[in-house]
Amino acid sequence: MSVFASDSTQHPATAGWQREAILSLFALPFNVLMARAASVHQANFDATQVQVSTLLSIKTGGCPEDCAYCPQAARYDTGLSAHKLMSTEQVLERARAAKAAGATRFCMGAAWRSPKDREVAKVAEMIAGVKALGLETCATLGMLKDGQADALKAAGLDYYNHNLDTAPEFYGEVIHTRAFQDRLDTLEQVRAAGMKTCCGGIVGMGETRAQRAGLLQVLANMNPPPESVPINQLVQVPGTPLHGIEALDPFEFVRTVAVARIVMPRAMVRLSAGRESMSDEMQALCFLAGANSIFYGEKLLTTGNPDVERDRALFARLDLVPMPVPQEPGTAHLDLIAATGPGAACSA
Ligand code: SAM
Ligand code: DTB
Ligand code: SF4
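The numbers attached to residues start from 1 for each chain and follow its sequence in the written order. Written order determines the labels here, with chains lettered from A and ligands numbered from 1. Confidence filtering applies because this is a predicted model: local features only for residues at pLDDT of at least 70, side-chain atom pairs given and counted only at 80 or more, and all residues used for totals across whole chains, interfaces and linings. Side-chain metrics rest on all non-hydrogen atoms present in the structure, leaving aside hydrogens and water.

**A few points about the overall build of the protein**
Here comes step 1: A run of DSSP states H or I qualifies as a helix once it reaches four residues; a run of E qualifies as a strand once it reaches two. Both are numbered from the N-terminal end. In terms of helices and strands, the protein carries 12 helices and 10 strands.
Here comes step 2: Each of the 348 residues in the protein was classed as buried or not, and the buried ones make up 57%.
Here comes step 3: Contact criterion: two residues are considered in contact whenever any of their non-hydrogen atoms come within 4.5 Å of each other. A separation threshold of at least 6 residues defines the contact pool for the protein, and within that pool the share at least 24 residues apart is 74%.
Here comes step 4: Reported accessibility uses the Shrake-Rupley method at a 1.4 Å probe radius. Residues are deemed covered only where the shown protein chains occlude them. Total accessible area on the protein stands at roughly 14200 Å², and carbon and sulfur atoms take up 55% of it. Residue burial is assigned from relative accessible area. The probe radius is 1.4 Å, only protein chains are included, and a residue is buried under 20% of its type maximum, exposed over 50%, and partly exposed in between.

What follows is the structure, given as structure tokens:
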């Protein structure tokens, strides 16, 4: 019997994805899962295109939260030096450089539990400036209170990144200072303000396969699902509670990407943290599994990322090109497409 014919792995018409169905996808023979994910990818996207975003930590460290994976939590001694919020001009300088290097989206991250209104006003100024450069904008600032998502949207924010991080039933083993429901509430505010959501999680934190399936289940059953789904591989940072735990089998990571692609066919699936330690071959498997977005530039927020030359060479080796910014009437984007492809191998 063909595994393709198995009812349990097909998209459910009405009831949403059940955990068992997602686990059945994880359990498919590796080659069959890859073929299925690649076909879903090709049916929904040009599989030669990869969206390219650059991250910047606009406010670093000193965070009051206790996320067990995070080098920016003040309570863990990770040797990180904290920095206050950057000035708008400093941020714009980095955004110009990211654009010149070929990025089409600029994502600003802050180590806040939840920003104050005056901090949101400062970030709004940065967003307006980045948008004026012709870049797509993304921010990740923690939990949002009433009115803050609207202020960010009004400044020109396209995406708000807020991750669920893991399955509801494993969440309490990783974070104690805010609840899973708090995250859903912030995502609701983001949607209500008319922004796109960037929402995913981390794998390799000691969760079970069923819990990886549980994270994808919650994401896929959102209405609508997030437009962008970052799949982070835990970056183990000395001093954080999760440092030293057993690393996840790389093929299990690839399976997670493939299942994310199948259960969220229209989402941009981002191969996020962890790329620095992945071989080119491993990344190629992730792209084949349906990943079509990366962070580009030698730093994530505080940890390393492949340098630009390595990514350009990778794109050239795999015949990948940067995804053009979607057409929006009245936005200046043609200069970016001219600078970065299609047809160019992650050129700058
Ligand atoms: N402070 C804000 C918040 O947590 O919502 C925004 C910044 S926070 C650093 C953004 C995301 O980075 C986290 O939700 C987590 O998914 C990811 N992240 C942080 N540390 C990581 C690590 N060591 N490995 C992989 N992903 C990590
Ligand atoms: C996401 O899901 N991954 C990015 C972005 N959203 C903000 C952050 C990864 C952070 C990795 C650890 C660090 O560099 O501090
Ligand atoms: Fe703070 Fe965000 Fe890090 Fe959690 S993930 S400790 S909220 S910066």
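**A few points about the site of ligand 1**
Here comes step 1: The cutoff for a nearby residue is simple: one of its non-hydrogen atoms must lie within 4 Å of the molecule or strand. Close contacts around ligand 1 come from 18 residues, with Tyr69, Trp112, Asn163, Asp165 and Val235 the closest.
Here comes step 2: Starting from 550 Å² of accessible surface for ligand 1 in isolation, the protein chains cover 91%.
Here comes step 3: Put simply, the grid is 1 Å and covers the protein atoms alone, a cavity is a trapped set of points that fit a 1.4 Å probe, a pocket is an open set with protein on both sides within 12 Å along at least five of seven lines, and lining residues have an atom within 4 Å of a point. Just a note on the criterion: a molecule sits in a pocket or cavity if more than half of its atoms are within 2 Å of the grid points. At a threshold of 2 Å from the grid points, most atoms of ligand 1 map onto the largest cavity.
Here comes step 4: Each residue receives one of three labels: charged for Asp, Glu, Lys and Arg, nonpolar for Ala, Val, Leu, Ile, Met, Phe, Trp, Tyr, Cys and Pro, and polar for the others, Gly being one of them. For the shell around ligand 1, the class distribution of residues is 9 nonpolar, 7 polar and 2 charged.

**Concerning empty space enclosed by the protein**
Here comes step 1: Grid points are joined across faces, edges and corners, and a volume is the space filled by probe spheres set on the points. As enumerated under the stated definition, the model contains 1 cavity of 30 Å³ or more in all.
Here comes step 2: The calculated volume of the largest cavity comes to roughly 860 Å³.
Here comes step 3: Lining the largest cavity are 42 residues, and of these Tyr69, Cys70, Gln72, Asn163 and Leu301 sit closest to its centre.
Here comes step 4: Among the secondary structure elements, those contributing two or more residues to the lining of the largest cavity are strand E1 (49–59), strand E2 (105–110), strand E3 (136–140) and strand E7 (228–233).
Here comes step 5: Counting residues per element, the lining of the largest cavity draws most heavily on E2, at 4 residues.

**Some details on a negative patch on the surface**
Here comes step 1: Each patch groups residues whose relative accessible area exceeds 30% and which form no salt bridge, using 9 Å between like charges and 5 Å between nonpolar side chains of Val, Leu, Ile, Met, Phe, Trp and Tyr. By salt bridge we mean one thing: a side-chain nitrogen of Lys or Arg within 4 Å of a carboxyl oxygen of Asp or Glu. We treat Lys and Arg as the positive residues and Asp and Glu as the negative residues; His and chain ends play no part in the count. Here the site of a charge means atom NZ of a Lys, CZ of an Arg, CG of an Asp or CD of a Glu. A cluster of acidic residues, Glu276, Glu298, Asp307 and Glu309, forms a negative patch at the surface.
Here comes step 2: Note on placement: Glu298 falls in the loop between strand E9 (293–295) and helix H11 (308–318).
Here comes step 3: Owing to a relative accessible area of 55%, Glu298 belongs among the exposed residues under this scheme.

In short, shape yes, function no, at least from these values alone.
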